[in-house]
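Understanding the architecture of this molecule
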Amino acid sequence: MDYKHTAAEVLRLIGGRDNIISAAHCATRLRIVIADNSKVSKEALEDVDGVKGVFEASGQLQIIFGTGLVNKVYDAFIENAGISASTKEEVKADAASKGSFFKRFIKTLGDIFVPIIPAIVASGFLMGIMETLNFLSNNGYISLSNESTLFILANMFANTAYVFLPVLIGFSAGKVFGANPFLGGVIGMIMVHPNLQNAWTMTGGVEQYLDVFGLWNVPLVGYQGHVISVIIAVFVMATIEKWLHKRVPAMFDLFVTPLVSVFVTGFLTMTVIGPVFNFVESGIINAIQSLIALPLGIGSLVMGALYAPTVVTGIHHMYTIIDLGQIQEFGYTYWLPLASSANIAQGAAALAVALKTKDQKLKSMALPSSLSAFMGITEPAIFGVNLRFFRPFICACIGGGCGAMFASITSLGASGTGVTGIFGILLCLNAPVKYILMFLIAAGVSFVLTWLFGYENKKTEQKKGNDIAKADTQDHCETAEKADEKSAEDEKNVSAPLAGAVVSLTETGDETFASKVLGEGVAIEPSEGKVYAPFDATITAMMGHAVGLTGKNGVELLIHVGIDTVKLDGKHYKPHCEEGQEVKAGTLLLEFDRDAIQKEGYRTVTPIIVTNADDYKAVEGTEQKTVSALETLLTVK
């Protein structure tokens, strides 16, 4: 293909040089931050030679070309546009600053809460289990001593993440706002200091007030379970810290900046920020609860139906605030069952499509996507199946609303947050039957509506060739034997580049991989952090987190270690080869730190894609559940 012509067409269809803020590329995509999206002709871009897909995500226009090809188009693109190459971090920063205040606010909340969700989930699960054990013991179903060592420790562990939630939020928010995260953690510690009255254990009202210069009194009560006030406080601290870093001489900076930042922020937090935003947070939570509690579950019906569309837009990252606020205010979150109902419904719609379709490729995508949604991960089902046909998505929204309405009518609440779907019942062990019924209603309505109205299976009539069947049987047998021999010769085995559990591309949670726009393949949940060359090949791309190969056998392969890990910009990855280098099968290409990547909030599931799959009849994955490195993973015919 003519790379310069393709680059010129892309430049023309995005509105020209003046409409570009910055541009970079990863292993498969050209990533451009656009000044005015109305000037972009997306449909025309999809018809440009070499383009495999176009979509917007994270404030970037992402044009999918595939490994090897994207490098050449990008070089021609920046030369044609007369711009300098940008790093992925620069593009990410430009995209973040370009978005509206609301989008930036939602993204900030997601960046703060996603890393601490595992801690919240662990405590939530344990709280649910302890409540269930207490219920069974108090009602005589089991004999349990609440004075045993195991019970005392488990009871103490159960609410730890919630008691010290401001510390977790403070540390995470400090990183997001560009402050010293440990100072952010100190602000969180101040807000739950032992000298303050514990907000969760106070029974006789406020015992002590603080007189602020004779102007007003503030209660000396901790902020256990509070969210908004902590985020605002750390934002103020980050602003003060940055201001001081620019003005305090370097020899005094280490002492002056932390001292002033913590003291000033702590004072403002206890006297102004805390009391004011505590009131605001309580108002928001009560307003949401009033909506959920509308007669006959009407409010929950609406919110349950609208939940999935908010997942599409990314707004759902803010819902953790609602969950945590409700747990603080009422002891349970009544919002999480609504979210769970919506997720379950999306899974049921995808399941209906999987069972109804005769298209094996769609079935292989829809079935695992459905199971993933039932586990609480809905992106593969939403983007890979339901939104693709749209009507299943609408049917799922209706089913989610119906399940949410039942949850509201029965006052179903969860003891924690972070987990929905099948495992969400562990957060609702106080009322497991209600949760199961909610599950069945959401799934049932969604499945039936999708089966009846949401998906029409279009059968392609194929001629049986009766006239051929009447021909000379011997001739056709000989022809079939020769075809089988040729097919066997044309099969090419692709070894597993790394060891781990084999999963479907739809289970990666990434729209691009799930839709197979880049090609056919499978993914591996790695059990170790080493990537090997699966065959003799030339390295066409070495992006830190991803490797592109062109094999001596003609197979073009993409190995993408992790999902959305382009944002790490090579951090926690150690390449052992260079782009353009020829390697033998078994050569160590790349090492990566699985634990470090996961601690950063990214999944390490690794798609292995045959990017030139269109050149072949079929790409078949192994039936094994796990593979060792260099064991057969794919068969290309």
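So, here is what we can say about the structure in this document. Bear in mind the structure is a predicted one, so any value in this text is a computation, not a measurement. Per chain, the residues get numbers from 1 upward, laid out in the order the sequence is written. In keeping with the predicted nature of the model, local features appear solely for residues at pLDDT of at least 70, side-chain atom pairs appear and are counted solely at 80 or more, and the whole-chain, interface and lining totals rest on all residues. The basis for every side-chain value is the complete set of non-hydrogen atoms in the structure, without hydrogens or water.

**Overview of the overall build of the protein chain**
To be explicit about the condition: Counting from the N terminus, the helices are the DSSP runs of H or I reaching at least four residues and the strands are the DSSP runs of E reaching at least two. We take the radius of gyration over the C-alpha atoms and set the globule estimate at 2.2 Å times the residue count to the 0.38 power. Burial classes follow relative accessibility: with a 1.4 Å probe on protein chains only, a residue under 20% of its type's maximum area counts as buried, one over 50% as exposed, and anything between as partly exposed. Here the Shrake-Rupley method, with its probe set to 1.4 Å, supplies the accessible areas, and only the displayed protein chains count as covering residues. Asp and Glu count as negative and Lys and Arg as positive, but His and the ends of the chain are not part of the count. To locate a charge, the coordinates of NZ of Lys, CZ of Arg, CG of Asp or CD of Glu are taken.
Check the secondary structure of the protein chain and you find 23 helices and 20 strands. Its C-alpha atoms give the protein chain a radius of gyration of 28 Å, near enough to 26 Å, the size a compact globule of 637 residues would have. If one aligns the C-alpha atoms of the protein chain with their principal axes, the spans along those axes are about 100 × 65 × 50 Å. Counting across all 637 residues of the protein chain, residues that qualify as buried make up 48%. Of the accessible surface of the protein chain, which amounts to about 30100 Å², a share of 59% is contributed by carbon and sulfur atoms. Of note, the protein chain has its 47 positive side-chain charges centred 3 Å away from the centre of its 60 negative side-chain charges.

**Section: helix H17 (residues 379–389)**
Pro380, Ala381, Ile382, Gly384, Val385 and Asn386 are the residues of H17 that are buried. Phe390 sits one or two positions beyond H17 and adopts a positive phi of about 65°.

**Thoughts on the sheet that holds strand S14 (residues 573–575)**
Short version of the rule: Strands pair, by our definition, only if DSSP identifies at least two bridges between them. All axes are obtained by fitting lines to C-alpha atoms, using only the stretch in contact for helices, and the reported angles, taken between N-to-C directions, cover 0 to 180 degrees.
Sheet architecture is open: 3 strands sit in the order S10-S16-S14, paired in antiparallel fashion. A single partner strand is all that each edge strand has here, and the edge strands are strand S10 (530–532) and S14. On average, each strand axis in the sheet is tilted by 15° relative to the strand beside it, whichever way the strands run. Sheet topology places S14 next to strand S16 (residues 588–592); 3 bridges connect them, and they run antiparallel. In the sheet register, Tyr573 faces S16, and the bridge partner there is Phe592.

**Details of a nonpolar patch on the surface**
What counts, and what does not: Every patch collects residues that have over 30% relative accessible area and no salt bridge, joining them within 9 Å if they carry like charges and within 5 Å if they are nonpolar side chains (Val, Leu, Ile, Met, Phe, Trp, Tyr). Whenever Lys or Arg places a side-chain nitrogen within 4 Å of a carboxyl oxygen from Asp or Glu, that contact is recorded as a salt bridge.
Together, Phe213, Leu215, Trp216, Phe263, Val264, Phe267, Leu268, Val272, Val276, Phe279, Val280 and Ile284 make up a nonpolar patch on the protein surface, roughly 1200 Å² of accessible area in all. A per-element tally of the nonpolar patch places helix H12 (residues 250–292) first, with 9 residues. Summarising the element assignment, Phe267 is placed in helix H12.

**What to know about the pattern of salt bridges**
Under the definition given, this model contains 6 salt bridges. For Glu600, the salt bridge goes to Lys571, with nearest N and O atoms at 2.9 Å. With a gap of 29 residues between them, Glu600 in the loop between helix H23 (594–599) and strand S17 (606–610) and Lys571 in the loop between strand S13 (556–560) and S14 connect regions that are remote in the sequence. Judged by its relative accessible area of 45%, Lys571 is partly exposed. Its salt-bridge partner being Glu620, residue Lys637 comes within 3.4 Å of it at the nearest N-O pair. Of this pair, Lys637 sits in the segment after strand S20 (632–636) while Glu620 sits in strand S18 (residues 619–621), placing them 17 residues apart in sequence. Its relative accessible area of 37% is what places Glu620 among the partly exposed residues.

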